[in-house]
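# Per-entry structural report
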Amino acid sequence: SELIRGFLLSGMPCPSSCPPGLLALMAPGLALMATFSLSSQAGDRRALPVEKPPGVKGRTLILLDVNTKSPVRIISENFLSLQLDPSIIHDGWLDFLRDLSVMTAKMSCSPRSYNRFSAKKSTTWGRGNTGKTPAAGAGPPAEPSLPQVLPGGERDIVRSDIALDKQKGCKIAQHPDIMLELQREKAAQMHLVLLKEQFSNTYSNLTLTARSLDKLYNFADCSGLHLIFALNALRRNPNNSWNSSNALSLLKYSASKKYNISWELGNEPNNYRTLIGRSVNGSQLGKDYMQLRSLLQLIRTYSRANLYGPNIGRPRKNVIALLEGFMKVAGSVVDAVTWQHYYIDGRVAKVTDFLKTRLLDTLSDQIRKIQKVVNTYTPGKKIWLEGVGATSAGGMNNLSDSYAAGFLWLNTLGLLASQGIDVVVRHSFLDHGHNHLVDQNFNPLPDYWLSLLYKRLIGPKVLAIHVAGLQRKPRPGRVIRDKLRIYAHCTSYHNHNYVRGSITLYIINLHRSRKKIKLAGTLRDKIVHQYLLQPYGKDGLHSKSVQLNGQPLAMVDDGTLPELKPRPLRAGRTLVIPPLTMSFYVVKNVNALACRYR
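Residues numbered from 1 in each chain as written. Predicted model: local features only at pLDDT ≥ 70, side-chain atom pairs only at ≥ 80, totals over all residues. Heavy atoms only, no water.

The name given to the protein chain in an unreviewed UniProt entry is HPSE2 protein, with Nothocercus nigrocapillus as the source organism. Comment text from UniProt for the protein chain, heading Sequence similarities (unreviewed entry), reads "Belongs to the glycosyl hydrolase 79 family." (UniProt positions renumbered as here; feature names shortened; annotations may be inferred.)

So this is what it looks like as structure tokens:
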């Protein structure tokens, strides 16, 4: 609970005006969204060749300035959001979610976040009286990326203005140690079952009861998150159209409880042939979404509810064709177009993979492909990356949950924000794999601390940066990919430690040597606050612990996050970026015109 609350509140008292968090509850995972700054030129990651001054040898001094007059992009306040995997129903963690509500809350209030609920399995809605025994799982074969949990099985976003300490029933749960230990043993056994399903690509059905839905919504609501729920799209009629009877039952129940939920339909429709033995083309998928929109309009509670989709996989040729067919039919009925991206196959990943600039840049090409299709049919439509992780196949222990994975995560945030993607949903907050932000002992992993700092320091306005410095001469026919990645945003308005007009830089140094940056122009001679994240312990890049400015980060107790203290740097001091690190720098009192007003 403290971890979620920490993410929402960003370590500060949450004023009444603090926007609610958004929680995207996907059947496969919880997604958390964040925003990062812009590179030297939006969409252009190539290094800038600069003439080498005479007599200068050795290390490079990089000059950095930021355009403070106007932002180049403005992204959603909910940019960084979370995903929950429906496996929490299978393995029992659903009953322990309230232990995490503080951790999620502190990530979502400043600014808020979405919580997406979606999965690869087929989730069927069953209104059991007790909620302990799943209703008979009537339904089609399992959908590897789409369980139909109560109001949906794939993804959900829950939105709420209610603080943990003000809402009845939101008291942080305190489970005895023996219960947690038994739950971890149960989850470990279920983890093996889920991995077997994943590797064999055969999935069992999952039934979501009314009681489970109530727990799920209560968790999101108490954490200040907005729930996005993905309904099961694998239930098909003989003519291959969507069978909405189960979803309608779930919608009616949710409406009777007045649950504030946004909706999706299905997960990775490009994989349906593998799941149910028949494919669904883009045109039919669009008709299914039109049908869902009609259902929502018939229910007063959801007549104006947001609808997102189609949550396609990597935009290869056949997937692009599916998206084009969908956009022709249903592009106007969705509030944002969604897709997923995973960088590496988790079964073969190595730590060196996370340091490859060529891998980091694969996302840029995907963004351009999605934007081209969306802008062809519905210019200006918002685009979300609704499922993202360092690795697929559940990730790999000591890699996708280690410090090294943070390079991909932070760069993902920067690229998406700089190229105008409105929201990113992180897979996953807690699940059976190794892509999560919190382990099964409820200890924050490196990407949690990285995400928390991002939420605290980064605002939705993206700024253009200007860099000059010594670079290698480009070889003919070869693109030089920069290993020093710099993004800039207006500092979050919700962070009351900094006055409006301040600017936050975040920097990824993939070099094996330190780099020096001299702030120039409007940033010259300003006081800077440094937040330097480095691995803690003997495991180096494999470490699951981090230190902030030399101090290890850990929970103070089950309900309290540590204070994230910056290191003040004197005005005019050169920024020294250690090798293989990630860092945030708040440049105070810049009085940037772009950042003075919301």
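The next thing to look at is the side chain of T581. Structurally, T581 is set in strand β26 (residues 581-587). Engagement of the side chain of T581 in a polar contact is seen with the backbone oxygen of P578, the distance being 2.7 Å. Excluding anything up to four places from it in sequence, T581 contacts Y403, F407, I507, I508, N509, L532, L533 and Q534. (Helix = DSSP H or I, 4+ residues; strand = E, 2+ residues; numbered from the N terminus. Polar contact = N/O pair within 3.5 Å; in protein donor to acceptor, adjacent residues only side chain to side chain. Contact = heavy atoms within 4.5 Å.)

Inspection of the secondary structure puts N240 in the loop between β10 (226-231) and α6 (245-256). Overall, the relative accessible area of 17% leaves N240 in the buried class. Separated by 41 residues in sequence, N240 and N281 place their C-alpha atoms 9.9 Å apart. Excluding anything up to four places from it in sequence, N240 contacts R278, S279, V280 and Q284. (Buried < 20%, exposed > 50% of the residue type's maximum accessible area, 1.4 Å probe, protein only.)

With that settled, consider the state of the cysteines. The final tally for this structure, using the stated rule, is one disulfide. The disulfide partner of C490 is C595, and the gap between their sulfur atoms is 2.0 Å. Judged by the sign of its S-S torsion, about -75°, the cystine formed by C490 and C595 is left-handed. Linking C490 in strand β18 (residues 484-491) with C595 in the segment after β26, this pair joins segments that are 105 residues apart in sequence. (Disulfide = S-S within 2.5 Å.)

Attention shifts here to unusual backbone geometry. Here the amide bond leading from G309 into P310 is cis, since omega sits at 5°, within 30 degrees of zero. Its place among the elements puts P310 in strand β12 (residues 307-312). Despite not being glycine, K258 shows a phi value in the positive range, around 60°. Within the fold, K258 resides in the loop between α6 and β11 (261-265). With phi around 60°, D525 is a residue other than glycine that occupies positive phi space. Note that D525 resides in the loop between β20 (515-519) and β21 (528-535).

Let's shift gears to the sheet that holds strand β25 (residues 575-577). Sheet architecture is open: four strands sit in the order β17-β3-β20-β25, paired in mixed fashion. Single-partner strands in this sheet number two, and they are β17 (465-468) and β25. Sheet twist, expressed as the mean angle between neighbouring strand axes with direction ignored, is 30°. Relative to β17, strand β3 (residues 61-66) runs antiparallel, the two being bridged by four bridges. When the bridges of β17 are listed, D65 appears paired with H466. (Pairing = 2+ DSSP bridges. Axes fitted to C-alpha atoms, helices over the stretch in contact; angles between N-to-C directions.)

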